[in-house]
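Summary of the model geometry
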Amino acid sequence: MNSIWNRLSNRLFRSMAAFRRDRGGNVAITFAMATLPIVGAVGYSVDYSHANNVKAALQAALDSTALMLARDAASLSDTDLDSKALKYFTALFNRPEAKSVAINATYTTTGGSKVVVNGSVSVPTNFLGIIGYDNLTVSGSSTTAWGSTRLRVALALDNTGSMAYDDKMTALKSATKNLLTQLKNAASTNGDVYVSIIPFAKDVNVGASNYNANWIDWTDWDNDNQTCSGGGWGGGWGGGWGGGGGSCSAANHNTWNGCVTDRGPSSAPGTSTWDQVATLPNTTAISKWPAEQYNACPVAMKGLTYDWTALNNLVDSMQPNGATNQPIGLVWAWQSLVGGGPLTAPAKDSNYQYQDIIILMSDGLNTQDRWYGNGSNTSTAVDNRMYQTGNGSGTCANIKNSGITIYTIHVNTDGDPTSTLLQNCAGSKDKMYDVSKFFTVTSASGIAKVFTEIGTNLTQLRVAQ
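Notes on the structure follow.

Reading guide: rules and limits
- Residues numbered from 1 in each chain as written.
- Predicted model: local features only at pLDDT ≥ 70, side-chain atom pairs only at ≥ 80, totals over all residues.
- Heavy atoms only, no water.
- Phe/Tyr/Trp six-rings, centres within 6.5 Å; stacked < 30°, edge-to-face > 60°.
- Helix = DSSP H or I, 4+ residues; strand = E, 2+ residues; numbered from the N terminus.
- Buried < 20%, exposed > 50% of the residue type's maximum accessible area, 1.4 Å probe, protein only.
- Lys NZ or Arg CZ within 6 Å of the ring centre and 35° of its normal.
- 1 Å grid on protein atoms, 1.4 Å probe; cavity = no way out; pocket = protein on both sides within 12 Å on 5 of 7 lines; lining within 4 Å.
- Points joined across faces, edges and corners; volume = space filled by probe spheres on them.
- Nonpolar A, V, L, I, M, F, W, Y, C, P; charged D, E, K, R; others polar.
- Core = buried A, V, L, I, M, F, W, Y, C linked by side-chain atoms within 4.5 Å.
- Contact = heavy atoms within 4.5 Å.
- Pairing = 2+ DSSP bridges.
- Axes fitted to C-alpha atoms, helices over the stretch in contact; angles between N-to-C directions.
- Disulfide = S-S within 2.5 Å.

Description of the packing of aromatic side chains
In total, this model carries 8 aromatic pairs according to the counting rule given. Look at Trp-218 and Trp-221: their rings are 5.2 Å apart centre to centre, the planes differ by 80 degrees, and that puts the pair in the edge-to-face class. When the centroid spacing of 4.9 Å and the interplanar angle of 45 degrees are considered together, the rings of Trp-289 and Trp-332 count as tilted. With Trp-289 in strand β13 (residues 289-290) and Trp-332 in helix α7 (residues 326-338), the pair connects residues that are 43 residues apart, well separated along the chain. Of the residues examined, Trp-289 reaches a relative accessible area of 3% and is grouped as buried. Given the relative accessible area of 2%, Trp-332 is considered buried. Sitting over the face of the ring of Tyr-352, Arg-150 holds its NZ or CZ atom 3.7 Å from the ring centroid. Positioned above the aromatic ring of Tyr-294 is the side chain of Lys-202, whose terminal nitrogen or guanidinium carbon lies 5.1 Å from the ring centre.

Here you go:
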């Protein structure tokens, strides 16, 4: 539109200059000619103002149209996209004087999903017609971009025995399924959002079908699960039968229930940090995941997927049982984001940026891991595997330093002290201790609100105009 105004201005200024130089003619003709630039100047102002008002309404309608198209764009043909864009625009643009409406929309997925809507209309003039401009064309464009940042979200969910009380497990299931719906709706195409779910108690369940995998350490399991026959007892459980020629052998691994405990030496972690990293195992026993026939084994985890039905089915199957070991839930959530063992992390597309997120939800304090705790009382030694007070080392710091953001939720229905451990764990590499990513709720109903808040934060569209 600026080029039109420039031409009009030049024409008006030339007319006024010519009139100023002219010394001939009679008064009536002179007066009539004098009115032309005056009328032109008034028309310039009035019609320019009107066209600008129409342009503002046009732009607002284009912005809304682009946003509305974003949800359906991936499933529409080019023709249907244009048709729907015109339908949305017409419903939003309330300027009946504008004619010759032209709207077109394009959808692209290079470097993220993007809808661009271009539009133009013709605005009749009231004054400028006398100098040859019966209509002015105004145009605009709006872009809605989303998905240039893809989401990978790992949910580490407390499935311990205390979740059976105060309706917490029921509330957790409902809140998790609502969050899954939010994440699903944020994905315009498959692969925009992946989710993993890691139910945890003292152990996690990697799936009993993996009993032949080479990343499992069977040393302790074989000692603790033996079938013996003949002779007399000699040496205690796992020590064999003596005296009468009796013998013991480890139970068949296909009887394993799928649970693994913390990585590291059997007796105590010592200086080993295998339980605090997502590094793939090597050939050493302490680097592998140790099988354990834990009698409160939670349901099997599920790695990154956009199979929303399978994720919801897993949530439905969760049951509360066992002691609390937040570190193992947290480290396996990390493992799900990078892959390893039974979990596969799909390759990342270089055209996109990725947000890797862990949401750790627990209703209590750590009571037992492979080495420490009795399953009833809080264990500082278990806490220290996750976050070492004083120097800030441990699983939480390792995860944040790797570029993953951690949200933590303390469901505190028993009036316990607020978990400083979960507070210290929340954050990211850019802000290691971020209280805005720590949530505490005092009733089961609060779980849904927090999950929704986190989901909204993760899935908002980014609009560029």
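Focus: empty space enclosed by the protein
The probe, sized like a water molecule, is rolled over the atoms to show the empty space still left. Using the criterion set out here, one finds 1 cavity of 30 Å³ or more in the structure. In terms of lining, the largest cavity is formed by Thr-261, Asp-262, Arg-263, Trp-274, Asp-275, Val-277, Trp-289, Ile-328, Val-331, Trp-332 and Gln-335. Element by element, the count of residues in the lining of the largest cavity is highest for α7, at 4 residues. Counted by class, the lining of the largest cavity contains 6 nonpolar, 2 polar and 3 charged residues.

So, the nonpolar core
Counting residues in each nonpolar core, the largest one holds 41 residues, and the members touching the most others are Val-204, Trp-256, Leu-330, Trp-332, Ile-358 and Met-386. Those elements that place two or more of their residues in this core are β4 (149-158), β5 (193-200), α7, β15 (353-362), α9 (395-401) and α10 (420-425). A per-element tally of this core places α7 first, with 7 residues. Those residues within four positions of Trp-332 in sequence are excluded, and the remaining contacts are Ile-198, Val-204, Val-206, Val-260, Trp-289, Met-301, Gly-340, Pro-342 and Leu-343. Within the second largest apolar cluster, 34 residues are counted, among which are Leu-151, Met-163, Val-193 and Trp-308.

Comments concerning the sheet that holds strand β16 (residues 405-411)
Spatially, β14-β5-β4-β15-β16-β17 is the arrangement adopted by the 6 strands of the open sheet, whose pairing is mixed. Single-partner strands in this sheet number two, and they are β14 (302-305) and β17 (438-441). For this sheet, the mean inter-axis angle between neighbouring strands, taken without regard to orientation, is 15 degrees. Pairing analysis gives 9 bridges linking β4 to β15, with the strands arranged parallel. Counted as the bridge partner of Val-153 is Ile-357 from β15. Strands β4, β5, β15 and β16 of the sheet are contacted by helix α4 (residues 168-186), whose axis makes an angle of about 170 degrees with β4. With respect to the sheet, helix α6 (residues 308-317) is in contact with β5 and β14, its orientation differing from that of β5 by roughly 20 degrees.

Quick look at the state of the cysteines
Counting across every chain of the model gives 3 disulfides. What pairs with Cys-259 in a disulfide is Cys-297, and their sulfur atoms sit 2.2 Å apart. Negative torsions about the S-S bond denote left-handed disulfides, and the value of about 110 degrees found for Cys-259 with Cys-297 makes this one right-handed. Taken together, the residues Cys-259 in strand β12 (residues 259-260) and Cys-297 in the loop between β13 and β14 connect sequence positions 38 residues apart. Looking at Cys-259, the relative accessible area reads 0%, which means it is buried. Here the bonded cysteines of the protein are numbered in sequence order, and their pairing is 1-2, 3-4, 5-6.

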